[in-house]
Structures are given as structure tokens and as C-alpha cells.
Amino acid sequence: MSRDQLHRLVLDNGLRVVLAPNTVGASIGVAVHYRVGFRTEPEGRTGLAHLFEHLMFRGGEEAEPEGYLPRVQRAGGFGDARTRQDVTVYYAAAPASALEMLCALEADRMRSPSLSERNLRTQTAVIDEEIRLMVRNRPYGNHPWALPRALHRRSENVRDGYGETVDLAAFDIALCEKFFADHYGPGNAVVTVTGAFDHRTAERLVRRHFEDLPARPTVRPADPPEPLPEEERRLTVLDPHAGSPAVAVGYRMPDPVTERADYLAHLVLAALLGQGGHALLRRGPTAAAGASSLSVGCGLFGLPLDTVGPDLLTLFAVHEHERDAEHVLDALDGTLDALAAHEVAAAQLRATTARWVSGAMRELADPGTRAQLLGLREALFGEAELTHALPELVHAGVTGEHVSRAAARLRASHRAVVRFVPGRQAVPRDIAPETTA
């Protein structure tokens with residue numbers, strides 16, 4: 001795949017725009033990132049960012065009565081939205097001929113969302129059902145949310161995005177209108193367009209539809225640093241739906257801006273530990289005995305560089321017997337010790353980074369995904385280019401020495417360990433502290 005040529009512009013109202021035309025294919029991707037997520041919700045308003053995403057997904061007043069999605073689908077495309085720690089994104093992929101329609105729909109959403117008491121109650125009920133399906137009635141549904149609850153102390157860093165039921169029930173239209181005014185202005189957004197278009201044409205369309213949106217101030221809450229844990233923290237989750245016990249482990253990642261080389265080494269370390277059939281915790285002398293399934297990754301949602309807050313390297317393993325949790329932890333510690341003492345074999349490092357790069361490049365083949373990733377890194381770090389550079393940085397920049405240093409760092413740090421125990425009398429989100437190791 002040829003690399004996008006990035007063009008940036010900033011409109012007078014503060015809206016940042018990234019245009020990434022590519023001669024390959026005949027489709028486009030459009031993503032609009034707002035710099036607000038569940039870490040930036042006001043205190044006592046947990047779940048508001050996610051609820052607001054649901055409300056906004058219907059589109060603006062001009063999209064009524066059918067709403068945003070039917071129009072996109074009728075043009076041969078699809079659209080969706082996500083709320084993450086620090087951003088909320090609305091994205092679509094469609095034939096190139098739909099570019100102006102998508103610009104118009106997103107500008108309409110940014111200008112005048114269709115908020116109503118009826119839609120608020122409907123979407124609150126939808127989210128209640130989502131919590132039941134994805135958390136309360138799902139085996140291991142508290143994973144990965146239990147890990148930040150165990151490892152972090154600041155309230156904004158332990159939220160699960162869904163919010164507390166009591167907070168959700170208290171939201172009203174006035175609060176939603178204030179949230180829109182505070183966080184959905186053009187100065188707090190990034191519009192990203194990728195795919196088959198001419199950048200001059202796209203710039204003209206973006207200006208036509210977004211330039212007359214009035215600028216307004218953005219409310220950006222303080223984001224004090226999360227202190228490092230001073231001891232290992234352990235929790236037990238009683239899970240009535242789990243068929244087997246499981247254990248999750250979370251480590252604090254290096255800062256992706258000030259410690260980027262170390263951050264990238266942790267990406268490779270996670271891949272070496274648990275990704276692919278030849279991962280060290282699946283095969284080899286320190287493999288995790290008793291684990292029937294195992295995964296290791298970086299990022300709360302498995303996506304690196306998607307938050308400016310504290311990020312995690314996570315392990316999750318399902319095992320047959322209760323005692324196997326300690327076997328998994330022993331295998332993890334032993335593997336990290338071995339990697340810290342001796343650099344990984346060059347051939348294994350090459351194979352691991354090649355597999356990682358291959359997966360990253362496959363993601364970038366889709367213009368919709370490319371728009372999301374470019375816009376995400378632009379919104380968080382002002383570095384859309386990082387999305388294209390990341391595969392090369394991982395492949396050519398991470399050495400065995402870097403990986404050894406990352407392994408030693410994890411062994412020296414204090415982690416969170418969460419045990420999932422099948423339990424018939426448990427209640428959802430029932431988490432109990434264990435004795436600190």
C-alpha cells in the first residue's frame with residue numbers, strides 16, 4: 001500500500017483537518033475525533049461521554065427524520081462511533097462519491113445535534129442493556145476494567161466508560177446541552193479524510209461545510225499525573241458466568257511521548273510474550289503451564305498509543321484449576337527474568353516484529369480504519385504521521401537490548417493481579433481486595 005500524503009489545515013474556528021489522499025482504491029474514510037472521553041467526564045457524571053456518543057450518533061437536525069446512518073448506508077457506506085479514555089470518534093467509510101455528503105453530515109452533527117428527551121431515555125436504556133450484555137452477564141465481563149481499578153488511584157483513570165447506574169439515571173437534556181457546548185466545539189475536534197480524493201477538492205468541501213461553524217471555548221479539565229503504584233495490588237472478582245478461573249495482570253506502560261523508545265520496546269515485548277503460536281508463554285521452557293487460553297497486549301482496548309493517560313500492558317489467561325494462576329504468574333516472571341538477563345534471539349525478534357508490522361499494515365489497508373488511526377494520533381499527540389511511522393519504528397528501531405530493558409523494567413515495577421473466580425453468589429462488578437503481595 002502506498003503511503004498517504006498528509007495535508008493539514010486549521011480553520012479560523014480552530015477546527016484541525018488532516019487530509020490523507022491515496023491513489024489506491026476507490027473509497028474514502030472520514031473520522032471526526034472530539035477530544036473528550038470517559039477520563040474527561042465531570043466528577044459524578046460517569047458514563048456521560050459514552051451516552052453522549054449514542055445521542056450524537058443519530059446525527060444533527062438536518063439529518064432528521066431518518067438520521068445519519070441510513071443516509072450513509074444508502075450511499076453504499078457504513079458508519080459507527082466509539083468512546084475511549086480521551087477521545088470520542090465518529091467515523092465512516094464509503095465510496096469516494098460520498099465525500100461531500102459525509103462532510104455535510106458531520107458538520108451538521110457539530111453544529112446542531114438532535115437532542116430530545118425521548119432519545120435520551122431510549123439511549124439510556126440501550127446503554128443499560130449494553131452493560132448487561134458486555135459486563136454483567138458475560139464471562140470475565142469485568143476484564144479489562146478491573147485492572148485499572150486495581151492499579152490506579154485517581155478516579156478518572158479507573159472508569160470503565162459505561163458509568164454508574166445512578167449517574168446515568170440523573171442525566172437530563174440541560175446537562176447534555178452543556179456537555180455539547182463545553183466539548184463539541186470545532187476547536188476541540190479533528191476531521192480526518194483518507195482515501196481516493198484530490199486534496200484540493202477535499203479542502204474546498206471541508207471549508208464549505210465546516211468553516212461557518214462558530215468558534216467557542218473548550219472546557220479542558222485538569223489531568224494530574226497518576227502516581228506509580230508502590231506495591232503489587234491484588235483483587236479477586238467473583239464471576240457467576242465464568243466456567244473456569246482466570247487471571248489478569250496489568251503493568252504500567254512507559255509514557256508514549258517522553259519515553260517513546262521504551263514504549264515501543266514494550267509493544268514488542270508483549271508480542272514476544274503472548275502473540276502468535278511461538279510466543280514465549282505458549283512454548284518454550286518458561287511456557288505458562290495450565291493456561292487453556294492466553295493473550296498479551298498493550299492498551300486497555302488492545303490498541304497502542306490511544307490515550308494520553310496511564311496506559312497498560314496486560315496479560316489475560318484462563319486456566320483449569322485455581323492453583324494454575326500462580327503457575328501463570330511464575331511463568332511470566334521467569335520469562336521476564338530470562339529476557340532481562342539474555343537478549344532474545346535475533347531470529348525470533350525479527351519474526352515477532354515482522355508479524356507485528358504485518359498486522360499493523362493490514363489495518364491500514366482500510367481507509368475507514370486509517371482515518372480513525374491518523375485522527376486519533378493527531379488529536380492526542382499532534383502526530384498523525386505516527387500511524388504510518390509506527391511499523392517501521394517497531395521493525396527497525398526495537399533491538400534485543402531494548403526488549404531486555406523493558407523486561408527488567410516490568411520485573412522491577414509493581415503490577416496489578418486480578419483473579420477471576422467462578423462464584424454462584426457473586427453480584428456484577430463484585431470486586432474484593434486480596435492481601436497485597
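Residues numbered from 1 in each chain as written. Predicted model: local features only at pLDDT ≥ 70, side-chain atom pairs only at ≥ 80, totals over all residues. Heavy atoms only, no water.

*Asks:* Before we go on, may I ask you to explain the pattern of salt bridges in this structure?
*Replies:* For side chains bearing opposite charge, pairing can occur when the charged atoms are close. For the structure shown, the criterion picks out 30 salt bridges. Among the ionic pairs, Glu-385 bridges to Arg-8, the shortest N-O distance being 2.6 Å. Residue Glu-385 is located in helix H13 (residues 385–397), and its partner Arg-8 is located in strand E1 (residues 7–10); the two are separated by 377 residues in the primary sequence. The residue Arg-207 makes a salt bridge to Glu-203 at a minimum N-O spacing of 3.1 Å. Of this pair, Arg-207 and Glu-203 are both found in helix H8 (residues 199–210), 4 residues apart, which corresponds to roughly one turn of the helix. With a relative accessible area of 27%, Arg-207 lands in the partly exposed category. Given a relative accessible area of 27%, Glu-203 falls into the partly exposed group. One network of salt bridges, in which partners are shared, links Glu-232, Arg-234, Glu-326, Asp-333, Asp-337, Arg-411 and Arg-415. (Salt bridge = Lys/Arg side-chain N within 4 Å of Asp/Glu carboxyl O. Helix = DSSP H or I, 4+ residues; strand = E, 2+ residues; numbered from the N terminus. Buried < 20%, exposed > 50% of the residue type's maximum accessible area, 1.4 Å probe, protein only.)

*Asks:* Would you mind showing me how to read the sheet that holds strand E3 (residues 27–34) here?
*Replies:* Sheets are built from strands that pair by backbone hydrogen bonding, the pairs being arranged parallel or antiparallel. In spatial order, the strands read E1-E2-E6-E3-E5-E4; together these 6 strands make up an open sheet with mixed pairing. Both outer strands of the open sheet, E1 and strand E4 (78–83), are each paired with one neighbouring strand and no more. Each adjacent strand pair in this sheet contributes to an overall mean axis angle of 15°, direction not counted. Those strands touched by H8 are E1, strand E2 (16–21) and strand E6 (189–195), and its axis lies near 150° from that of E2. (Pairing = 2+ DSSP bridges. Axes fitted to C-alpha atoms, helices over the stretch in contact; angles between N-to-C directions. Contact = heavy atoms within 4.5 Å.)

*Asks:* Would you mind showing me how to read the side chain of Asp-160 here?
*Replies:* With respect to the helices and strands, Asp-160 occurs in the loop between helix H5 (146–151) and helix H6 (165–169). Only 2.9 Å separates the side chain of Asp-160 from the backbone nitrogen of Tyr-162, close enough to count as a polar contact. At 3.2 Å, the side chain of Asp-160 and the backbone nitrogen of Gly-163 are in polar contact. (Polar contact = N/O pair within 3.5 Å; in protein donor to acceptor, adjacent residues only side chain to side chain.)

*Asks:* Looking at this structure, I do not really get the packing of aromatic side chains. What am I missing?
*Replies:* Two descriptors summarise a pair of aromatic rings, namely the distance from one centre to the other and the angle between the planes of the rings. Evaluation of the coordinates by the stated rule reveals 15 aromatic pairs. Consider the rings of Tyr-140 and Phe-420, whose centres lie 6.1 Å apart with planes at 85°: the pair is edge-to-face. Residue Tyr-140 is located in the loop between helix H4 (117–136) and H5, and its partner Phe-420 is located in strand E11 (residues 416–422); the two are separated by 280 residues in the primary sequence. Judged by its relative accessible area of 15%, Tyr-140 falls in the buried class. Among the aromatic residues, those joined into a cluster by ring pairs are Tyr-34, Phe-52, Tyr-90, Phe-179, Phe-180 and Tyr-184. Above the face of the Phe-301 ring, Arg-84 is positioned so that its terminal group lies 3.8 Å from the ring centre. (Phe/Tyr/Trp six-rings, centres within 6.5 Å; stacked < 30°, edge-to-face > 60°. Lys NZ or Arg CZ within 6 Å of the ring centre and 35° of its normal.)

*Asks:* Could you clarify how one ought to interpret the pairing of E2 in this entry?
*Replies:* With 5 of 6 residues buried, E2 is to be regarded as a mostly interior element. Here E1 hands over to E2 after 5 residues, with Gly-14 in that stretch at a positive phi of 95°. As defined by bridge partners, E2 adjoins E6 across 6 bridges and the pair is classed as parallel. Within E6, the position partnered with Val-17 by the bridge is Val-191.

*Asks:* Would you mind going over the pairing of strand E5 (residues 88–95) with me for this structure?
*Replies:* Along any regular strand, the residues point their side chains to alternate faces of the sheet. With respect to burial, E5 is a largely interior element, 7 of its 8 residues being buried. Relative to E5, E4 runs antiparallel, the two being bridged by 6 bridges. Bridge assignment links Asp-80 to a residue of E5, and that residue is Tyr-91. Hairpin remark: E4 followed by E5, antiparallel, with 4 residues in the connecting loop.

*Asks:* Just checking my understanding: could you explain the nonpolar core for this structure?
*Replies:* Here is a general trend for soluble globular proteins: nonpolar side chains tend to be buried in one another's company. Residues Leu-99, Tyr-184, Phe-210 and Val-418 are the most contacted members of the largest nonpolar core, which totals 71 residues. Considering every element that reaches this core, the biggest residue donor is helix H1 (residues 48–57), with 7 residues. Here Leu-99 is in contact with Ile-28, Val-30, Val-193, Phe-197, Ala-202 and Leu-205, once residues within four sequence places are set aside. Formed by 55 residues, the second largest nonpolar core is a distinct cluster that contains Leu-267, Leu-329, Trp-356 and Val-403. (Core = buried A, V, L, I, M, F, W, Y, C linked by side-chain atoms within 4.5 Å.)

*Asks:* Mind showing me how you'd approach unusual backbone geometry here?
*Replies:* Only a minority of non-glycine residues have a phi that is not negative, and only a minority of peptide bonds are not trans. Following Glu-64, the chain continues to Pro-65 via a peptide bond in cis, the omega torsion being 5°. Relative to the helices and strands, Pro-65 resides in the loop between H1 and helix H2 (68–74). With omega at 10°, the peptide bond leading from His-143 into Pro-144 counts as cis. Summarising the element assignment, Pro-144 is placed in the loop between H4 and H5. You will see that Tyr-140, though not glycine, has its phi angle at about 60°, which is positive. Here Leu-305, not a glycine, exhibits a phi torsion of approximately 55°, which is positive.

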